[in-house]
Amino acid sequence: MADTALFDYACRLGDDSLILGQRLSEWCGHAPMLEVDLSLANVGLDLIGQATHFLKLAGEAEGKGRDEDKLAFHRDVLDFKNCLLVEQPNGDFAQTIARQFLFSNWQELLLRELCKSTNATVAAVAQKAVKEVAYHARLANEWMVRLGDGTAESRDRLVNGLDWMWRFSDELFEADAAIEPLIASGVACDARKLRPEWDVRIARVLKDATLERPKARRATVGGRKGHHSEHLGHLLTEMQFLQRAYPDAKW
Amino acid sequence: MVAAAHTTSSFKDRVLEILSHVPDPEIPCVSVIDLGIVRDVRDDAVVITPTYTGCPATLAIEADIRTALDKAGLSALKIETALTPPWSTDWISAEGREKLRAYGIAPPLRTAPQCPRCGSAHTEELSRFGSTPCKSLHRCLDCREPFDRFKCH
Ligand SMILES: [Zn+2]
């Protein structure tokens, strides 16, 4: 029997990782230095690996024979359930780091909780991924400090990048009716509970980076319901082109 | 029971022997057995586990294992993937660690890495992300040799 709530939740988890992984891959060959290029590509690979596992689970929950590739390459933009933060354009390096900083610190807390999920697959993927995401968070946190406490230009760019990304952070802590049953059964994590620890982590890094917490503004939300910014469509056009033009093409 | 276990064990040994000649695609000095990728051998299946979630070699490893089994006339043997317990560098065998060191990659240790060239523990991390997801980049402060380290994971 199809488990629509699990399908929805696994898509959210998988799409967050897939879309951010795709965004980071855009840096390949363009990063400011070789080590950074390797780092961003590696983080992207980790995320795409997580997406593979979560979307496979989503396909099984749905029970219509769609596998992870079908879900990644043959879904339209309104069917993607990722948060708006991950689809934001890379901008400059500082803006990319600001996005990674907000996301990875959240994802590490999320996965830590999901290690205890009552769904065995969710728990298994979380247990593998949480160690990798701890690296991502550390990388982003270190760059926040280097850029924030760096030159006037690196600081300016980071302040601007963080100011843009900040409006998308509230969405990370949403919980809606669609996944309430999964929270009750211990499959999903109630993201609202992650906020206090995330706030502490973010504040600690901002202090080291000599930065102010950005001013609160009206939160921009909707990704979990498929209401995306225009940027996601452009990203999908590139990501899905080959499989759309040549369905079932294989390497 | 004893007889059955004996039969299974000799079959298992044969399969393990075959797999001990299947190298990791990115670090060919070690086999899939050395790395702890093979979790179990049953009468009907080989159970493997992915190393890093984002390791692009995962598919290549499975294909290489398939080829080796087919060549040995074991096409009926399936390949299954198990995610739990999650793989960690603790699954790399003592032999595998020695092969990594001889190849110039510092094996994963909970303590500071040692230079694979001169053995010095006086080293620095250059980048936490190296040439593949499983490695970080370091430099020996005594002999100045740059080297990869298998990330402790
Ligand atoms: Zn040395």
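So, a few notes on the structure that sits alongside this text. Note that residues are indexed from 1 along each chain, following the sequence as it is written. All chains are assigned letters beginning at A, and all ligands numbers beginning at 1, according to the order in which they are written. Owing to the predicted nature of the model, reporting of local features is limited to residues with pLDDT of at least 70; listing and counting of side-chain atom pairs is limited to 80 or more, with chain, interface and lining totals taken over all residues. The basis for the side-chain values is all heavy atoms of the structure; hydrogens and waters are excluded.

1. Points about the overall build of chain A
Just so we agree on the cut-off: Helix and strand assignments follow DSSP, with helices taken as H or I runs no shorter than four residues and strands as E runs no shorter than two, numbered in order from the N terminus. Atoms counted for the radius of gyration: C-alpha only. Globule rule: 2.2 Å times the number of residues to the power 0.38. For the exposure calls, accessible area comes from a 1.4 Å probe over protein chains only, and a residue counts as buried if that area is under 20% of its type's maximum, exposed if over 50%, partly exposed in between. Surface exposure here means Shrake-Rupley accessible area, sampled with a 1.4 Å probe, where a residue is shielded only by the protein chains that are shown. Positive charges come from Lys and Arg alone, negative charges from Asp and Glu alone, with His and the N- and C-terminal ends not counted. Where a charge lies is defined by one atom per residue type: Lys uses NZ, Arg uses CZ, Asp uses CG and Glu uses CD.
Within chain A one finds ten helices and zero strands. Each helix and strand of chain A, placed in order from N terminus to C terminus, yields the pattern α-α-α-α-α-α-α-α-α-α. Against the compact-globule benchmark of 18 Å for 251 residues, chain A has a radius of gyration of 18 Å, which places it among compact chains. Seen along its three principal axes, the alpha-carbon backbone of chain A occupies a region of about 55 × 40 × 30 Å. When each of the 251 residues of chain A is scored for burial, the buried share is 56%. Of the roughly 11,400 Å² that chain A leaves accessible, carbon and sulfur atoms contribute 55%. Averaging the coordinates of the 32 positive side-chain charges in chain A and doing the same for the 38 negative ones gives two points 3 Å apart.

2. Digging into the pairing of strand β7 (residues 146-150) of chain B
Taken residue by residue, a regular strand's side chains alternate between the two faces of the sheet. Residue and element names in this part refer to chain B. Put simply, the rule reads: By definition, two strands form a pair when at least two bridges between them are found by DSSP.
In terms of burial, β7 is largely enclosed, as four of its five residues are buried. Strand direction decides the pairing type here: strand β4 (residues 105-106) and β7, joined by two bridges, are parallel. Paired with Ala106 across the bridge in β7 is Arg149. Sheet topology note: the strand β6 (residues 135-140)/β7 ladder contains five bridges and is antiparallel.

3. Re the interface of chain B and chain A
Using the following cut-off: Between two residues, a contact is recorded if the distance between any of their heavy atoms is within 4.5 Å. Here the buried area means the combined drop in accessible surface, using a 1.4 Å probe, for two parts upon being joined, counting both sides. Whenever Lys or Arg places a side-chain nitrogen within 4 Å of a carboxyl oxygen from Asp or Glu, that contact is recorded as a salt bridge. Polar contacts here mean pairs of N or O atoms no more than 3.5 Å apart (in protein, one a potential hydrogen donor and the other a potential acceptor; neighbouring residues in sequence count only if both atoms are side-chain atoms). Each residue is assigned to one of three groups, with Ala, Val, Leu, Ile, Met, Phe, Trp, Tyr, Cys and Pro labelled nonpolar, Asp, Glu, Lys and Arg labelled charged, and all others, Gly among them, labelled polar.
Contacts between the two partners involve 21 residues from chain B, matched on the other side by 21 residues from chain A. Buried surface at the junction of chain B and chain A, summed over both partners, amounts to about 1,900 Å²; 62% is from carbon and sulfur atoms. Among the residues of chain B in contact with chain A, Thr53, Arg128 and Phe129 of chain B are the three that bury the most area, contributing 40% of the side total. For the pair chain B and chain A, the number of links is zero salt bridges. For the pair chain B and chain A, the interface holds four residue pairs in polar contact (both at pLDDT 80 or more). Looking at the side of chain B that touches chain A residue by residue, the classes come out as nine nonpolar, ten polar and two charged.

4. Details of the sheet that holds strand β2 (residues 45-48) of chain B
Residues and elements named next belong to chain B. Let me state the cut-off plainly: Between N-to-C directions, angles cover 0 to 180 degrees, with each direction set by a line fitted to C-alpha atoms, over the stretch in contact for helices.
The strand order across the open sheet formed by three strands is β1-β2-β3, and the pairing between neighbours is mixed. Bordering the open sheet on either side are β1 (38-41) and β3 (78-81), each of which pairs with just one other strand. Averaged over all neighbouring strand pairs, the angle between strand axes comes to 25 degrees, with direction disregarded. Examined bridge by bridge, β1 and β2 share three bridges and lie antiparallel to one another.

5. Quick notes on the packing of aromatic side chains
The line we're drawing: Ring pairs are drawn from Phe, Tyr and Trp, using the six-membered ring of Trp, whenever the two centres fall within 6.5 Å, and their geometry is named by plane angle: stacked under 30 degrees, edge-to-face over 60, tilted for the rest.
Overall, the coordinates contain eight aromatic pairs over all chains when judged by the stated rule. Consider the rings of Trp164 of chain A and Phe168 of chain A, whose centres lie 5.8 Å apart with planes at 65 degrees: the pair is edge-to-face. An angle of 65 degrees between the planes, with centres 5.5 Å apart, marks the rings of Tyr52 of chain B and Trp87 of chain B as edge-to-face. With Tyr52 of chain B in the loop between β2 and α2 (57-71) and Trp87 of chain B in the loop between β3 and α3 (94-103), the pair connects residues that are 35 residues apart, well separated along the chain. Here Tyr52 of chain B and Trp87 of chain B have matching classes, each one buried.

6. A short note on the packing of helix α1 (residues 4-25) of chain A against helix α2 (residues 34-62) of chain A
Each pair of packed helices can be summarised by the angle the axes make with each other and by the distance between the axes. All names here are of chain A. The test is simple: Convention used here: angles under 35 degrees read as roughly parallel, angles over 145 as roughly antiparallel, angles from 65 to 115 as roughly perpendicular, and any remaining angle as oblique. Should the near helix be turned counterclockwise from the far one by less than a right angle, the crossing is left-handed, whereas a clockwise turn marks it as right-handed.
Their axes nearest at 7 Å, the elements α1 and α2 cross at an angle of 155 degrees. By the angle class used here, α1 and α2 are roughly antiparallel. Note that α1 runs across α2; the crossing there is left-handed. Here the contact of α1 with α2 is built from residues that sort into 18 nonpolar, six polar and two charged.

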